[in-house]
Amino acid sequence: MLMNTLESELDYPLGDVLPEPGRTIELAPGVRWLRMALPFALNHINLWLLEDIFDNGHGPVRGWTAIDCGIASDDMRAAWESIFRDQLQGLPIVRVIATHCHPDHVGLADWICRRWDAPLWMSAGEFAFARMMSAGLPGADGSAAVAHFQRHGVRDADMLKQVEGRKGYYTSMVPATPFSYARMQDGDEVRIGGRGWRVISGFGHSPEHAALYCADLNLLISGDMILPRISTNVSVMAIEPEADPVRQYLESLKKYADLPEDTLVLPSHGKPFRGMHTRIRQLNEHHRDRLAEVLAACATPCSAADIVPIMFKRALDTHQMTFALGEALAHLHQLWFAGALERRIGTDGVVRFAVAA
């Protein structure tokens, strides 16, 4: 009921209309929306095609810039082949832009770039993480996850075994990334189809997320930074165990303050919507409330595992648990860095947080 109330404050100009499999919907001149299935609880991703005239080093070429790619799977390759065949008007993909390094956004970047001899554009932070994780480097291959979970209170042997079995999970969905890229960074103007798209960097969800805003069209391709139905995951992960992602994420949301309220937001999950500033207010209130309940719980010392059922009141599979524990720890860390909590390491090696004296 609460989610319905929050959603009622937003405007969905297309209603319940979604792109059919293998088809696109034009949202603005030269901007097309496609949607592909994902094998997770979050069961889809929105992808975007922008008409473009791109100079690939051999002169301008008319074609399409693809924004985000989906995971590397046979089903998603087949879905893209259908798009290539029926939706490109006989034109090539001339550039691939990835908003960030998560598998559903960059998994097929190498395949698409090779398929069309097209360059990849990303921020430096996202490209570096994608390369590091797809290479399966020690520490980035998931091998540290079990110790991380144990340190933060997970003791269930079956859960730990499942977490251990996820080693190499990233590489299964991102088996390769391009060897080179073109850098995007905060404030850059990327020219796509003769229009300027401003890069807005974001932190907390991923290393250096790049959203894109076009003033001419009043469109924001928000990636995962602003989603209409769910809150963006902000997690402390084993690779960066002292992170403060809640603070980083909330500070990043301030970068959208100068965008018009009637901006059409194109999110990676959910439906295109208007009411961006309303949604940002909702997200700020969401994290305010979660921080308050975490602080109250820590009247008795709590590990991140203790906080998970307080923040997530439903059964979680292993995939969801990895995000839930990371998010619980992120809220504990925000309160700890702010001085509201103190951190203690017990004789059992578990980290717990308690209200600061």
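Please read these numbers as outputs of a predicted model, since none were measured by experiment. (Residues numbered from 1 in each chain as written. Predicted model: local features only at pLDDT ≥ 70, side-chain atom pairs only at ≥ 80, totals over all residues. Heavy atoms only, no water.)

What the protein contains, in helices and strands, is 12 helices and 14 strands. Computed over C-alpha atoms, the radius of gyration of the protein comes to 21 Å, within 12% of the 21 Å expected from 2.2 N^0.38 for 357 residues, which places it in the range of a compact globule. In terms of principal-axis extent, the alpha carbons of the protein reach across some 65 × 40 × 35 Å. Out of the 357 residues belonging to the protein, those deemed buried represent 53%. Partitioning the intrachain contacts of the protein with sequence separation of at least 6 by distance along the chain shows that 65% fall at a separation of at least 24. (Helix = DSSP H or I, 4+ residues; strand = E, 2+ residues; numbered from the N terminus. Rg over C-alpha atoms; globule rule 2.2 N^0.38 Å. Buried < 20%, exposed > 50% of the residue type's maximum accessible area, 1.4 Å probe, protein only. Contact = heavy atoms within 4.5 Å.)

Residues Leu-120 and Met-122 line one face of strand S6 (residues 120-123) and the alternating positions Trp-121 and Ser-123 line the opposite face, and both faces are buried. Sheet topology note: the S6/strand S7 (residues 182-184) ladder contains three bridges and is parallel. Of the residues in S7, the one forming a bridge with Trp-121 is Ala-182. (Pairing = 2+ DSSP bridges.)

Attention shifts here to the state of the cysteines. Using the criterion set out here, one finds zero disulfides in the structure. A disulfide-free cysteine, Cys-302 has its sulfur positioned 4.5 Å from the sulfur of Cys-298, the nearest such atom. (Disulfide = S-S within 2.5 Å.)

Take the nonpolar core next. One finds Leu-220, Ile-226, Tyr-256, Ile-307 and Leu-332 to be the most contacted residues of the largest nonpolar core, which totals 51 residues. The element that contributes the greatest number of residues to this core is helix H12 (residues 318-337), accounting for eight residues. Other than its neighbours up to four places away in sequence, Leu-332 contacts Val-294, Cys-298, Ser-303, Ala-304, Ile-307, Leu-341 and Phe-353. In terms of nonpolar packing, the next biggest core, distinct from the first, is built from 35 residues, Trp-64, Ala-72, Ala-140 and Val-174 among them. (Core = buried A, V, L, I, M, F, W, Y, C linked by side-chain atoms within 4.5 Å.)

Right, let's get into the pairing of strand S9 (residues 195-202). Of all eight residues in S9, six are buried; the element is thus mostly enclosed. Pairing between strand S8 (residues 189-192) and S9: four bridges, direction antiparallel. What sits directly across from Arg-191, in S9, is Gly-196. Linkage of S8 to S9, two consecutive antiparallel strands, is achieved through a turn of two residues, within which Gly-193 is found at a positive phi near 60°. Here five bridges tie S9 to strand S10 (residues 209-214), and the two strands are oriented antiparallel to one another. Across the sheet, the residue bridging to Val-199 is Leu-212, located in S10. Counting the residues that bridge the hairpin from S9 to S10 gives six residues, and of these Gly-204 lies at a positive phi of roughly 105°.

Right, let's get into the sheet that holds S9. Strand order in the open sheet made by the five strands is S8-S9-S10-S11-S12, with mixed pairing throughout. Across the chains shown, the open sheet's two edge strands, defined by having one partner strand only, are S8 and strand S12 (264-267). Neighbour-to-neighbour, the strand axes of the sheet open up by a mean angle of 30°, direction not taken into account. In the sheet, S10 pairs with strand S11 (residues 219-223) via three bridges, with the strands oriented antiparallel. Directly across from Leu-212, in S11, lies its bridge partner Ile-221. (Axes fitted to C-alpha atoms, helices over the stretch in contact; angles between N-to-C directions.)

Our next topic: the side chain of Ser-222. Among the secondary structure elements, Ser-222 is positioned in strand S11. Apart from residues no more than four positions distant in its own chain, Ser-222 is found in contact with His-209, Ala-211, Val-265, Leu-266 and Pro-267.

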